[in-house]
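Analysis of the macromolecular model
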Amino acid sequence: MREALARALYSVALTLLTPAYLLRLLWRSRREPAYRRRLRERLGWYGAPPASALTLWLHAVSLGETRAAAPLVDALRAHRPGLRLLLTCSTATGWAAGRALLRVGDLHTWLPFDTPGAVRRFLRHHRPAVGVLMETEIWPNLLHAAQLQRVPMVLANARLSAKSLQQGVRFAALLRPAMRRLAVTLAQTHADAVRLRAAGAEPVLVAGNLKFDVTPPPQLVERGQRWRRAAGRAVVLAASTREGEEAPLLAAWARVPAPRPLLLVVPRHPQRFDEVAQLVERAGLSLQRRSRWGETPPAGAARADVWLGDTMGEMPLYYGAADVALLGGSFAPLGGQNLIEAAACGCPVVMGPHTFNFAEAAQLSLEARAGVRVASLDEGVTRAVALAADARRADWTERALAFAAAHRGATERMAQRIVALLP
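As the structure is a prediction and not an experimental result, all values here were calculated from the model.

Calculation criteria
- Residues numbered from 1 in each chain as written.
- Predicted model: local features only at pLDDT ≥ 70, side-chain atom pairs only at ≥ 80, totals over all residues.
- Heavy atoms only, no water.
- Axes fitted to C-alpha atoms, helices over the stretch in contact; angles between N-to-C directions.
- Helix = DSSP H or I, 4+ residues; strand = E, 2+ residues; numbered from the N terminus.
- Parallel < 35°, antiparallel > 145°, perpendicular 65-115°, else oblique.
- Contact = heavy atoms within 4.5 Å.
- Core = buried A, V, L, I, M, F, W, Y, C linked by side-chain atoms within 4.5 Å.
- Buried < 20%, exposed > 50% of the residue type's maximum accessible area, 1.4 Å probe, protein only.
- Lys, Arg positive; Asp, Glu negative; His and termini not counted.
- Salt bridge = Lys/Arg side-chain N within 4 Å of Asp/Glu carboxyl O.
- Polar contact = N/O pair within 3.5 Å; in protein donor to acceptor, adjacent residues only side chain to side chain.
- Phe/Tyr/Trp six-rings, centres within 6.5 Å; stacked < 30°, edge-to-face > 60°.
- Right-handed = clockwise from strand over helix to strand, strands pointing away.
- Pairing = 2+ DSSP bridges.
- Left-handed = near helix turned anticlockwise from the far one by under 90°.
- Nonpolar A, V, L, I, M, F, W, Y, C, P; charged D, E, K, R; others polar.

1. As for the packing of helix α1 (residues 2-28) against helix α5 (residues 140-148)
Following both chains from N to C, one finds α1 and α5 inclined at 120 degrees, their axes separated by 10 Å at the closest point. Relative to α5, the element α1 lies oblique. Across the interface between the two elements, R7, Y10 and S11 from α1 touch P140, N141 and H144 from α5.

So, in structure tokens, the structure goes:
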């Protein structure tokens, strides 16, 4: 009774908020046009139903989850070659990255808003045999409807920070029943498993982190390495920076004594590329934008103070070009970004105090001496500049690659559990 009341109140609130949700999508579409396309799908309305086929549905909300899902999708296809993939996303960056996972006959759509009618229509239209949610995606109405329609649901590559667990306690009447509806939860770490059980999930299995199994395209890494050699100077990468991080970073960079390394800044969100370019210019630093050249930086580009990585899908190139990376999202209480990709490219990281989104990976990186932790952004800049000039820089690269290789294997463990649920 308590659960039904909580879900009813939640559903009423979401229904009332639906117009604001759609307006927000239209607002975001000013910079990212994908948000205004196929809006009917956000409400669970579709065209003609797809042809009958064994369909596995995978939801990857954004860019990071979509990239992490790539090896899992390949492994699932290897186990069941005739499987049709239904891929859903929620963000424009996730949608763009998701195209690379599709084959002829696969389906690609937006996940609808979590209102009862929308999720019912979604499941009845697509009729998936199994649903896989990536990392942290718990939607009460969606999981309730899936249970009613007998669609087993998996939370894969699951993680839950202590902060999120504490916040979830306030909504336990809504979230605990949703967690119990999962057929299986495949946790990244033992600590995640403990917290996920405390949140109501059962059974929970520790399977590892899919991000360790993502192999960076070697051609991109090698091209970045060529850029670094051609530049003839050390390169410090600010990787996946978030709003509020770039201005203090640029101020700290301007205080680095000459001759300083080249700073390569790659913002997390593409809609902020122009904004960050303006911040660089306001800081009095000379700028070169990656989007304005082809495969090779133009003559004189290496003399700039800052390169702006204003492209999508080229993080391996940027890591390949860098001697060391400052980990975006870790110098403010944002939880940090994925440091595993940096290690897989052989790039050591300097991280701030806030890495709760990747707590175990960060700790393992420190233990493997593939990265260092600092208390502040100013200290991070100082440490990164020193590390970029370190005569033992090659040792850091070897340790980063070894760290990434040592933790592979999550893909096959998860694929076997998911395939076991397929008819």
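2. Section: the nonpolar core
With 38 residues, the main nonpolar core has L237, L264, W307, M315, Y318, Y319 and L339 as its most contacted residues. Per-element accounting of this core gives the leading share, 5 residues, to helix α12 (residues 315-321). Not counting residues within four places of it along the chain, the set of residues in contact with M315 comprises R67, L237, A239, V266 and E341. Counting residues in hydrophobic clusters, the runner-up holds 31 residues, among them V265, F331, L377 and V385.

3. Structural notes on the side chain of D213
Structurally, D213 can be placed in the loop between β7 (204-206) and α9 (218-231). Of the side chains bearing the opposite charge, R408 lies closest to the buried D213, which forms no salt bridge; the N-O distance is 4.6 Å. In this structure the side chain of D213 is engaged in a polar contact, spanning 3.1 Å, whose partner is the backbone nitrogen of A410. A distance of 2.7 Å separates polar atoms of two side chains, one belonging to D213 and the other to T411. The residues touching D213, leaving out its near neighbours within four places in the chain, are P71, R408, G409, A410 and T411.

4. Brief notes about the packing of aromatic side chains
Evaluation of the coordinates by the stated rule reveals 9 aromatic pairs. Aromatic side chains W57 and F122 sit 5.0 Å apart centroid to centroid with 65 degrees between the ring planes, which places their arrangement in the edge-to-face category. Here the residue W57 occupies a position in strand β1 (residues 55-59), and F122 occupies one in helix α4 (residues 116-126), the gap between them amounting to 65 residues. Residue W57 is classed as buried on the basis of its relative accessible area, which comes to 0%. By relative accessible area, F122 is classed as buried at 0%. Ring centres 5.5 Å apart and planes at 85 degrees place the aromatic pair F212 and F403 in the edge-to-face group. Pair noted here: F212 is in the loop between β7 and α9 and F403 is in helix α16 (residues 393-406), with a separation of 191 residues, a long-range link.

5. Remarks on the pairing of strand β9 (residues 262-267)
Look at any regular strand and the pattern is simple: side chains alternate between the two faces of the sheet. For β9, the buried fraction is high: 6 of the 6 residues fall into the buried class. Along β9, one buried face is formed by L262, L264 and V266 and the opposite face, lined by L263, V265 and P267, is buried too. Regarding the hand of the β-α-β motif, the stretch spanning strand β8 (residues 235-241), helix α10 (residues 246-254) and β9 is right-handed. Of the strand pairs in this sheet, β9 and strand β11 (residues 306-308) are connected by 3 bridges, and their pairing is parallel. What sits directly across from L264, in β11, is W307.

6. Digging into the sheet that holds strand β6 (residues 184-187)
Ordered by their spatial adjacency, 7 strands build an open sheet running β3-β2-β1-β4-β5-β6-β7, and the pairing between neighbours is parallel. The open sheet has two edge strands, β3 (107-110) and β7, and neither has a second partner. Each neighbouring strand pair of the sheet contributes to a mean axis angle of 20 degrees, computed without reference to strand direction. Relative to strand β2 (residues 84-89), β1 is paired through 5 bridges, and the arrangement is parallel. The residue bridging T55 from the neighbouring strand is R84, located in β2. Packed on one face of the sheet, helix α8 (residues 190-198) meets β5 (153-158), β6 and β7 and runs near 175 degrees to β7.

7. Points about the packing of α10 against helix α15 (residues 377-388)
Where α10 contacts α15, the two axes come as close as 10 Å, and the packing angle between them is 50 degrees. In this view, α10 runs oblique relative to α15, as classed from their interaxial angle. When the axes of α10 and α15 are compared, the crossing they make is right-handed. Across from P248, L249, A252 and W253 in α10, the residues of α15 making contact are L377, D378, V381 and V385. For the contact of α10 with α15, a count of residues per class yields 7 nonpolar, no polar and 1 charged.

8. Quick word on unusual backbone geometry
The omega angle of the peptide bond from E202 to P203 is 0 degrees, so this bond is cis rather than trans. At the junction of A258 and P259, the peptide bond is cis and its omega measures out at -5 degrees in the coordinates. When you line up the elements, P259 lands in the loop between α10 and β9. Even without being a glycine, N157 presents a positive backbone phi close to 55 degrees. Among the secondary structure elements, N157 is positioned in strand β5. Notably, R369 is not glycine yet its phi reads approximately 55 degrees, a positive angle. According to the relative accessible area criterion, R369 is partly exposed, its value standing at 48%.

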